[in-house]
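One letter stands for each residue in the lines below.
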Amino acid sequence: MGPIAVTQLLALISLTVALDNGLLKTPPMGWMAWERFRCDIDCSDDPENCISETLFRDMADRLAEDGWKELGYEYVIIDDCWMSRLRDEQGKLQPEPSRFPGGIGKLARYIHDRGLKLGIYADMGTHTCMGFPGTTLDKIELDAQTFASWGVDYLKFDSCYSNPLEQMLGYPLMSKALNATGRPIAYSCSWPVYVGGLPPAVNYSLLGEICHLWRNYYDIQDSWDSLQGIVEWFSNNQDDLQPASGPGRWNDPDMLIIGNFGLSVDQARSQMALWAIMAAPLIMSNDLRNLGNIERAILQNKVAIAINQDPLGIQGRRLLQEKSRIEVYWRPLSHSASALVFLSRRTDMPYLYHTSLAKLNYDAGNYEAYDVFTGSTVRGLNATSEFTLSINPSGVVMWYVYPEKDAVMILNLSEQPARVKKLTKTLLFHQQSIRGQP
Ligand code: GLA
């Protein structure tokens, strides 16, 4: 490409209208088919689990009826393999009729009727990753209009089978096309993954203007190894990634796999805690029809959710990697509060970790800490007081920390259950005010 072509390209990109529809001031929450249900299109042998309107209706029912929606889990997101192998006579994308006989518009109404939102998947390229029709540059406007006409609320725009130049043109164009539909549609961009995830190849300021969230790194699989690899990459590159994130623009380390087959209970708590610290989208990919009570409680932990949804929207960081293979993560929160996660990367037995808040860069003063997964409160914590935590192998201890002087505001100092309730209420108040709920 010559210098003139590059200049023209840049001009085109700067003409792109920023995607400023006020969506996703806090990270999105919901459910997505991919990690758990992949490209299962065998509805004759596997009618309950194949990618079909039944699966999405089932998940919408669960989100609406099992207490998820009230916590903020609102998007039901279709991933790859929903399409017919061919576009229709007008060139429009269409769902595979045998699996989506009612069409996407009808499914959207079903989902909206339950107070939820619908997400869909498309691919900037000749084909989706699983070989279904892609969205080439000439089809971007048409596809954006089609999605809006169906009542879609969220687009995951992948990028298999395209080159970097097409991506550079296509992602801003889709942003503009979504804006032009007049329908507020959350826009999730997979662009960074396809160009290595890091600057200078990835321009995170541009992404923040055109997308609400973006996948930075490889797909999560149903294993602790995969999860650790993702956390490691995000932490190793936090100086580049952390500042890119904020209200309306989120890094996406991929789906929550809690409730599937690959994580122990401790590892499931670790994912919830680390995703909360990273201000990551809380998009589950599991079978909400068959979920263990412990996993459900982890995913529905109100304080972990409230930390994730903190209105300041500052992504947290890994603070420390100890020789003992204990790692400490920290996230600043509104009202002078903060969250700490102590993660054990050990594989032997619960580890006794000794530290103090001062060692973790806290200012002098008195604090209290609410243990997010046990529900107990540590009081009278001076920044310099040493404390000891027992951290399970591949598990976490997660603390919500606040200055003691704010305890009356934050906590009702009567008996324990009321206090916990009040804390949760306080945190959720921020979440609700952001979501515009009463
Ligand atoms: C890519 C994405 C995944 C999923 C698949 C679908 O691998 O990163 O999240 O959407 O494509 O084919």
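The structure reproduced in this document is the subject of the present report. (Residues numbered from 1 in each chain as written. Predicted model: local features only at pLDDT ≥ 70, side-chain atom pairs only at ≥ 80, totals over all residues. Heavy atoms only, no water.)

### Some thoughts on helix H3 (residues 53-65)
With 13 residues, H3 extends 18 Å between its outermost C-alpha atoms, agreeing within 8% with the 18 Å of an ideal straight helix rising 1.5 Å per residue. The complete set of buried residues in H3 reads Glu-53, Leu-55, Phe-56, Met-59, Ala-60, Asp-61, Leu-63 and Ala-64. Looking at the buried residues of H3, the elements they touch are strand E1 (29-32), helix H2 (34-37), helix H4 (68-71), strand E2 (75-77), helix H5 (103-113) and strand E8 (282-284). Two residues or fewer after H3 comes Gly-67, characterised by a positive phi angle close to 85°. (Helix = DSSP H or I, 4+ residues; strand = E, 2+ residues; numbered from the N terminus. Expected span 1.5 Å × (residues − 1). Buried < 20%, exposed > 50% of the residue type's maximum accessible area, 1.4 Å probe, protein only. Contact = heavy atoms within 4.5 Å.)

### Focus on unusual backbone geometry
The omega angle of the peptide bond from Pro-199 to Pro-200 is 5°, so this bond is cis rather than trans. Relative to the assigned elements, Pro-200 resides in the loop between helix H8 (191-194) and helix H9 (204-210). In this structure, Cys-81 takes a positive phi of about 80° despite not being glycine. As for its position among the elements, Cys-81 is in the loop between E2 and H5. The exposure class of Cys-81 is buried, given its relative accessible area of 1%.

### Comments concerning the state of the cysteines
Following the criterion strictly, the structure yields four disulfides and no others. The disulfide that involves Cys-43 links it to Cys-50, with 2.0 Å between the sulfurs. Taking the torsion about the sulfur-sulfur bond, which here is approximately 105°, the covalent link between Cys-43 and Cys-50 counts as right-handed. Judged by its relative accessible area of 1%, Cys-50 falls in the buried class. The side chain of Cys-189 participates in a disulfide bridge whose partner is Cys-211; the two sulfur atoms lie 2.1 Å from each other. Looking down the S-S bond of the Cys-189 and Cys-211 bridge, the torsion is -95°, so its handedness is left-handed. Here the residue Cys-189 occupies a position in strand E5 (residues 186-189), and Cys-211 occupies one in the loop between H9 and strand E6 (213-215), the gap between them amounting to 22 residues. (Disulfide = S-S within 2.5 Å.)

### Considering the sheet that holds strand E14 (residues 377-382)
Pairing in this open sheet of six strands is antiparallel, and the strands run E9-E10-E11-E16-E13-E14 from one edge to the other. Each edge of the sheet is formed by a strand with only one pairing partner; in this case those strands are strand E9 (317-321) and E14. Averaged over all pairs of adjacent strands, the angle between strand axes in this sheet comes to 25°, irrespective of strand direction. Bridge count between strand E10 (residues 326-332) and strand E11 (residues 338-344): seven bridges; the pairing is antiparallel. Looking at the pairing, Trp-330 lines up with Leu-340 of E11. Sitting on the sheet, helix H10 (residues 224-236) touches E9, E10 and E11, and the angle it makes with E9 is about 100°. Packed onto the sheet, helix H12 (residues 265-277) meets E9, E10, E11 and strand E16 (396-403) and runs at close to 140° relative to E11. (Pairing = 2+ DSSP bridges. Axes fitted to C-alpha atoms, helices over the stretch in contact; angles between N-to-C directions.)

### Describing the packing of aromatic side chains
Under the criterion given, the structure shown has 21 aromatic pairs. Note on Trp-31 and Phe-37: the rings are 6.1 Å apart at their centroids and 50° apart in plane angle, and the pair reads as tilted. Of the two residues, Trp-31 and Phe-37, both sit in the buried class. Each ring, one from Tyr-217 and one from Tyr-218, has its centre 4.8 Å from the other, and the planes form 40°; the classification is tilted. Since its relative accessible area comes to 57%, Tyr-218 is described here as exposed. An aromatic cluster is built from Trp-31, Phe-37, Phe-56 and Phe-100, whose rings are joined through pairwise contacts. Positioned over the ring face of Phe-37 is Arg-36, at 4.7 Å from the centre of the ring. Over the ring of Tyr-110 we find Arg-114; its NZ or CZ atom is 3.6 Å from the centre of that ring. (Phe/Tyr/Trp six-rings, centres within 6.5 Å; stacked < 30°, edge-to-face > 60°. Lys NZ or Arg CZ within 6 Å of the ring centre and 35° of its normal.)

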